[in-house]
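Coordinate analysis (summary)
Chain by chain, the residues:
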Amino acid sequence: MENVMEKLVALCKRRGFVFPSSEIYGGINACWDYGPMGTRLKNNIKTSWMNAMTRLREDVVPLDAAILMHPRVWEASGHLTEFTDPLIDCRHCKTRFRADDLDFDPTLPDAQCPKCGMRGTFTEPRRFNLMFKTFMGPVEDTANVIYIRPETAQGIYVNFDNVRVSARKKLPFGIAQIGKAFRNEITPGNFIFRTREFEQMEMQYFIKPGENAKWFEYWKEQRMNWNLALGIDPQRLRFHDHAPDELAHYARAASDIQFQFGFGTDPWHELEGIHDRGEYDLSHHQEFSGKKLEYFDEASRERYIPNIIETSAGCDRTLLMILIDGYREEEIKGEKRVFLGLHPRIAPLKAAIFPLVKKEGMPEIARRIYEELMQRFDVVYDEGGSIGRRYARMDEVGTPFCLTVDGQTLTDQTVTIRYRDTLEQERCAIDRLRERLGELIAGA
Ligand code: GAP
């Protein structure tokens, strides 16, 4: 598996999915840039999420809140005191660990460093807050400290009443948001799995107290179904329900959807989380802001603080899952073929259009097809190199269909459609291509 990850990192760079950030300066740890293919893939993931969470349902609406928030938000949320990891260092080899990541007790006098093998060299664990700090305004003093949000959720809670009133929503209803979050992680790594800047896709569902178990189960199922609909192998997805000692400070119950990423001693890792947050968030914001965040339930004539079921997914982690799950190598007639078996709905490009050769009017026909199809689909035109190399490039970025203009096109106005996964080919009339491509994507 480490091997697949290495190959994927190289493929991502070669084909323009993900680049190390600031690479010409030697890179910066745990930050990555998305190239043309990665940007398209990420946008498709986000659109799919937003569609499923808001456009295709009446009870959830979107929001786009600011990254910088009032500093009291982080007092109310518990992040200032609770959002910490226990940090220890090996005095001998200087390696830094998260104490809770180790499968032994590092405070024992003869605890052995897994990196250098020395015993008794660990420092005392220290609590380390993961929030990035900066200053607002020109004066760099403690009165002007603000935090760069470590999750998007708080922007939703503080807007609960604004959204409820303006969108005229009654409970139960949800607010969904996609946005950047920042954490000064102690042990980032595994490519884009754990980074210091990442993107979250979070939804907070406001419910009547007492209905928590029902909605928690409902959202677990919804989120699993969304991941499966991305075309992920069902054998590589599972739930992991948190034991009481694993729960985050805000959660009454939590379940992770885990994907078999494959790295590390245990190949299963958290992909996203579903949390029953009870009344924690709104009651704390009510207390710290002094603004009432209660809800008047007209049906039952009761007034209460809504409870919250949260679904919290990482966009970068979802993208990594899609790449790992889609990575394929096969041998055909002694030749190795690498391709990404991405679901056509989320593939960065839906089709590539090629002239077989750069003569006999084929490029002109191919370009006309390209210009017609680009009105509706993400497509690319390519006339550079042999047809085999052009297919190989498209296989590596997961393009499900390649359309080739060849000699026969000149006589009967048809092109070949080559299927990425099966390598089968069919002929299709040029004037039916737009419709046919739509059918192939929808039917996949
Ligand atoms: N609002 C709740 C919350 O933020 P979390 O479990 O800390 O919960 C939710 O984060 C999701 O965000 C994770 O399941 C993961 O997909 C993503 N995530 C968290 N930290 C990340 C990091 N450092 N790098 C990439 N993704 C991260």
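Small disclaimer: the values here were computed from a predicted structure and weren't measured.

A few points about the site of the ligand
Within the structure, the ligand sits among 21 residues, and Glu151, Arg183, Thr195, Glu202 and Glu270 are positioned closest to it. Contact between the ligand and Leu271: an oxygen atom at 2.8 Å from a main-chain N or O atom of the residue. Burial of the ligand by the surrounding chains reaches 92%, relative to a free accessible area of 560 Å². Contributing elements (two or more residues each) for the shell around the ligand: β10 (197-207), β13 (268-278) and β16 (307-314).

Re the pairing of β16
Judged by how many residues are buried, β16 sits mostly within the fold: 8 of 8 residues are covered. Of the two faces of β16, both are covered, the one formed by Asn307, Ile309, Thr311 and Ala313 as well as the one formed by Ile308, Glu310, Ser312 and Gly314. Bridge count between β10 and β16: 8 bridges; the pairing is antiparallel. Paired with Gln204 across the bridge in β16 is Glu310. Where β13 lies against β16, 6 bridges are found, and the strand directions are antiparallel. Bridge pairing links Ile274 to Thr311 in β16.

Thoughts on the side chain of Thr195
Among the secondary structure elements, Thr195 is positioned in the loop between β9 (173-182) and β10. A distance of 2.9 Å separates a polar atom in the side chain of Thr195 from the backbone oxygen of Glu197. In contact with Thr195, other than residues within four places in its own chain, are Ala30, Trp32, Arg183 and Glu185.

Regarding unusual backbone geometry
In most cases, non-glycine residues show a negative phi, while peptide bonds are predominantly trans. A cis amide bond, omega -5°, links Leu171 with the succeeding residue Pro172. The phi dihedral of Lys94 is positive, around 70°, even though this residue is not glycine. The topology assignment puts Lys94 in the loop between β4 (84-89) and β5 (96-98). If you check the backbone angles, Phe191 has positive phi at about 60° while not being a glycine. Relative to the helices and strands, Phe191 resides in the loop between β9 and β10.

Describing the packing of aromatic side chains
Applying the stated criterion across every chain, the model contains 18 aromatic pairs. Between Tyr295 and Tyr304 the ring centres are 5.9 Å apart and the planes differ by 50°, which places this aromatic pair in the tilted class. A residue is classified by how much of its surface remains accessible, and Tyr295, at 7% relative accessible area, is buried. Residue classification places Tyr304 among the buried residues on the basis of a relative accessible area of 10%. Put simply, the rings of Phe193, Phe259, Phe261 and Phe263 pair up and form one aromatic cluster.

Overview of the domain arrangement of the protein chain
With domains assigned, the protein chain is organised as domain 1 (2-68 + 152-323), domain 2 (84-127) and domain 3 (349-443). Centre-to-centre separation of domain 1 and domain 3, based on C-alpha positions: 37 Å. Between domain 1 and domain 3, the residue contacts involve 7 residues of the former and 6 residues of the latter. Here domain 1 packs against domain 3, burying approximately 630 Å² in sum over the two surfaces, 53% of which is carbon and sulfur. Inspection of the region where domain 1 meets domain 3 yields 2 salt bridges. With a closest N to O distance of 2.8 Å, Glu396 and Arg15 form a salt bridge.

Here's the deal with the nonpolar core
By size, the foremost hydrophobic cluster in this structure holds 59 residues, and its most contacted members are Phe17, Trp49, Trp219, Phe261 and Leu320. Among the elements that line this core, the one with the most residues is helix α9 (residues 315-326), at 7 residues. Counting contributing residues, this core receives three or more from each of domain 1 (2-68 + 152-323) and domain 3 (349-443). Dropping the residues within four chain positions of it, Trp219 is found in contact with Met53, Arg57, Val60, Met203, Tyr205, Ile274, Ile309 and Thr311. Ranked by size, the runner-up nonpolar core spans 21 residues in total, among them Ile353, Val379, Phe401 and Val405.

What about the pattern of salt bridges?
Throughout the structure, instances matching the rule amount to 36 salt bridges. In this structure, the salt-bridge partner of Glu272 is Arg223, at a minimum N-O distance of 2.8 Å. Note that Glu272 is positioned in strand β13 and Arg223 in helix α7 (residues 212-229), a separation of 49 residues in sequence. In this structure, Glu272 and Arg223 share a single accessibility class: buried. A single network of salt bridges, built from pairs that share partners, joins Glu426, Arg432, Glu435, Arg436 and Glu439.

Quick word on the packing of helix α10 (residues 362-373) against helix α13 (residues 433-443)
One way to put it is that α10 packs onto α13 with a least axis distance of 10 Å and a crossing angle of 55°. In this view, α10 runs oblique relative to α13, as classed from their interaxial angle. Remark: the crossing between α10 and α13 carries right-handed chirality. Contact with α10, carried on its side by Ile369, Glu372 and Leu373, involves Leu433, Arg434 and Leu437 of α13 and no other residues of that element. Of the residues belonging to the contact of α10 with α13, the class tally is 4 nonpolar, no polar and 2 charged.

Re the environment of Gly78
Within the fold, Gly78 resides in the loop between α3 (72-76) and α4 (79-82). On the accessibility criterion, Gly78 (6% relative accessible area) is buried. Considering only alpha carbons, one finds Gly78 and Tyr280, 202 residues apart in sequence, at a separation of 9.8 Å.

Here is what the cut-offs are and how they apply
Residues numbered from 1 in each chain as written. Predicted model: local features only at pLDDT ≥ 70, side-chain atom pairs only at ≥ 80, totals over all residues. Heavy atoms only, no water. Near = heavy atom within 4 Å. Polar contact = N/O pair within 3.5 Å; in protein donor to acceptor, adjacent residues only side chain to side chain. Areas by Shrake-Rupley, 256 points an atom, 1.4 Å probe, with all protein chains shown as cover. Helix = DSSP H or I, 4+ residues; strand = E, 2+ residues; numbered from the N terminus. Buried < 20%, exposed > 50% of the residue type's maximum accessible area, 1.4 Å probe, protein only. Pairing = 2+ DSSP bridges. Contact = heavy atoms within 4.5 Å. Phe/Tyr/Trp six-rings, centres within 6.5 Å; stacked < 30°, edge-to-face > 60°. Domains from an automatic or database assignment. Buried area = accessible area lost by both parts, 1.4 Å probe. Salt bridge = Lys/Arg side-chain N within 4 Å of Asp/Glu carboxyl O. Core = buried A, V, L, I, M, F, W, Y, C linked by side-chain atoms within 4.5 Å. Axes fitted to C-alpha atoms, helices over the stretch in contact; angles between N-to-C directions. Parallel < 35°, antiparallel > 145°, perpendicular 65-115°, else oblique. Left-handed = near helix turned anticlockwise from the far one by under 90°. Nonpolar A, V, L, I, M, F, W, Y, C, P; charged D, E, K, R; others polar.

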